[in-house]
Amino acid sequence: MATKKKILKIALIVIGGGILIAVGIVFYMLNKPARDVQNTKTDYSYEASQIVNEYLTDAQTANDKYLDEAGNSKVLEISGIVAKISEDFNNQKVLLLKSVNDKAGVSCTFTSETNSKTSTVKVGDQITIKGVIRSGASYDEDLGMYENVIIEKSDIVSNK
Amino acid sequence: MKKTTILSIVAVAFISLTSFTASAQKLVSSKTHFKFFSSTPAEDIEANNYKTVGTLDTSAGAIVFSVPMQSFEFEKALMQEHFNSKKFLNTKANPKAKLIGKIVDLSQVDFGKNGSYTVDVSGDLTINGVTNAVNEKATIVVQDGKIALNSKLNVTLADYEVAFKKGKPSKNIAKTVEVTVEANY
């Protein structure tokens with residue numbers, strides 16, 4: 001009798017524990033924090049011209065390689081020359097890395113945490129940034145212009 | 001013979017001149033904000049996109065926006081993953097949405113004079129690879145030579161084959177969502 005009670009007690013603890021863990025996992029999934037791009041391993045490192053030309057050559061293949069179905073696309077480190085410094089409607093700094101001879105560049109948006117890192121950056125600087133790719137470069141007939149590669153959640157890796 | 005040569009020179013000159021002025025009147029956005037807002041009794045969901053590129057041709061009244069879909073940022077990571085997934089907006093296959101519109105009543109806008117002008121825009125919206133006609137109001141604000149555009153679109157998800165048939169998303173995402181457009185040129 002005593003052993004039966006003991007087994008029942010253990011079973012209840014195990015089941016109870018299992019339910020708690022399951023609820024915990026579901027709760028975590030539903031409230032999973034946004035992806036921390038800067039603490040994600042870099043997938044590829046390129047010069048701005050390289051990724052621009054890869055997209056202009058074959059956008060489909062490049063999309064397959066870099067974009068993720070759930071939006072957790074590849075984390076890239078891009079080196080290039082700063083062609084333009086601006087700010088978006090969300091007060092985030094935007095650096096355009098583009099060499100004079102290229103048709104398009106790489107537009108890198110920073111975050112409220114990393115904005116301040118751009119304060120010393122000047123047009124013409126050679127820098128390396130890290131961020132997540134959102135879309136590639138292409139010529140858009142409706143806009144009548146080339147669109148840049150888009151990188152967000154950026155931070156500066158090095159500024160020479 | 002001589003006449004045709006002169007005529008063709010004039011024609012070439014005319015074409016190059018008009019195409020030059022046409023490109024001179026095409027403005028490119030400097031800042032944009034697209035906001036997705038869905039409201040249901042269960043919850044309100046909002047996502048923001050600051051990476052859209054747009055052009056405004058002030059002589060033809062043509063408006064174009066190219067929206068990188070993966071740039072929509074949600075508060076919750078799981079929502080963002082759902083939004084991008086194959087079942088919903090399939091952003092890997094269709095990384096950009098596009099709005100091509102024309103200001104129907106362009107004559108009432110004076111781009112050279114300060115003011116706020118309400119216009120009718122009609123055109124096509126392509127989301128998830130599906131194109132539908134849209135007709136919405138937009139406001140054009142001219143302030144000391146700077147031009148801004150604001151609009152609100154009501155997008156019925158089913159029209160774009162974005163169907164939340166089962167589970168939590170079907171209850172928590174509105175059938176028609178509001179997309180707010182804000183652009184500075």
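This text follows the structure it describes.
Quick look at the structure, then. (Residues numbered from 1 in each chain as written. Chains lettered and ligands numbered in written order. Predicted model: local features only at pLDDT ≥ 70, side-chain atom pairs only at ≥ 80, totals over all residues. Heavy atoms only, no water.)

### Side note on the interface of chain A and chain B
Here comes step 1: At the junction of the two partners, chain A supplies 39 residues and chain B supplies 34 residues.
Here comes step 2: Each partner contributes to the roughly 3,100 Å² buried at the junction of chain A and chain B, and carbon and sulfur atoms together form 53% of this total.
Here comes step 3: Looking only at chain A, the three residues that lose the most surface to chain B are A:E69, A:F89 and A:L143, adding up to 24% of its buried area.
Here comes step 4: Here chain A is connected to chain B by seven salt bridges.
Here comes step 5: The partner of B:E73 in a salt bridge is A:K153, with the nearest N and O atoms 3.1 Å apart.
Here comes step 6: Within the residue set of the side of chain A that touches chain B, elements represented by two or more residues are α1 (2-30), α3 (59-66), β4 (106-109), β5 (126-135), β6 (138-140), β7 (145-147) and β8 (149-159) of chain A.
Here comes step 7: Sort the elements by how many residues they give to the side of chain A that touches chain B and β8(A) lands first, with four residues.
Here comes step 8: A breakdown of the residues in the side of chain A that touches chain B according to their chemical character gives 14 nonpolar, 13 polar and twelve charged. (Contact = heavy atoms within 4.5 Å. Buried area = accessible area lost by both parts, 1.4 Å probe. Salt bridge = Lys/Arg side-chain N within 4 Å of Asp/Glu carboxyl O. Helix = DSSP H or I, 4+ residues; strand = E, 2+ residues; numbered from the N terminus. Nonpolar A, V, L, I, M, F, W, Y, C, P; charged D, E, K, R; others polar.)

### Quick word on the packing of aromatic side chains
Residue and element names in this part refer to chain A.
Here comes step 1: A full pass over the atoms with the stated rule returns ten aromatic pairs over all chains.
Here comes step 2: Here the aromatic rings of Y44 and Y46 are separated by 5.8 Å at their centres, their planes lie at 10°, and the arrangement is stacked.
Here comes step 3: Y44 gets classed as partly exposed once you look at its relative accessible area, which sits at 28%.
Here comes step 4: Residue Y46 is classed as buried on the basis of its relative accessible area, which comes to 13%.
Here comes step 5: Centroid distance Y44 to Y66: 5.4 Å. Interplanar angle 80°. Geometry classified as edge-to-face. Of the two residues, Y44 sits in strand β1 (residues 44-47) while Y66 sits in helix α3, which places them 22 residues apart along the sequence.
Here comes step 6: Cation over ring: K65 sits above Y44, and NZ or CZ is 5.2 Å from the ring centre. (Phe/Tyr/Trp six-rings, centres within 6.5 Å; stacked < 30°, edge-to-face > 60°. Buried < 20%, exposed > 50% of the residue type's maximum accessible area, 1.4 Å probe, protein only. Lys NZ or Arg CZ within 6 Å of the ring centre and 35° of its normal.)

### Overview of the pattern of salt bridges
Here comes step 1: All chains considered together, the criterion is met by 14 salt bridges over all chains.
Here comes step 2: Here A:E54 and A:K65 are joined by a salt bridge, their closest N and O atoms 2.9 Å apart. Of this pair, A:E54 sits in helix α2 (residues 48-57) while A:K65 sits in helix α3, and the two are eleven residues apart along the sequence.
Here comes step 3: Residue class for A:E54 comes out partly exposed when judged on its relative accessible area of 24%.
Here comes step 4: The partner of A:E87 in a salt bridge is A:K93, with the nearest N and O atoms 3.1 Å apart.
Here comes step 5: Classification of A:E87 as partly exposed rests on a relative accessible area of 28%.
Here comes step 6: Classification of A:K93 by relative accessible area gives partly exposed; the value is 26%.
Here comes step 7: Put simply, A:R134, A:E152, A:K153 and B:E73 are held in one network by salt bridges that share partners.

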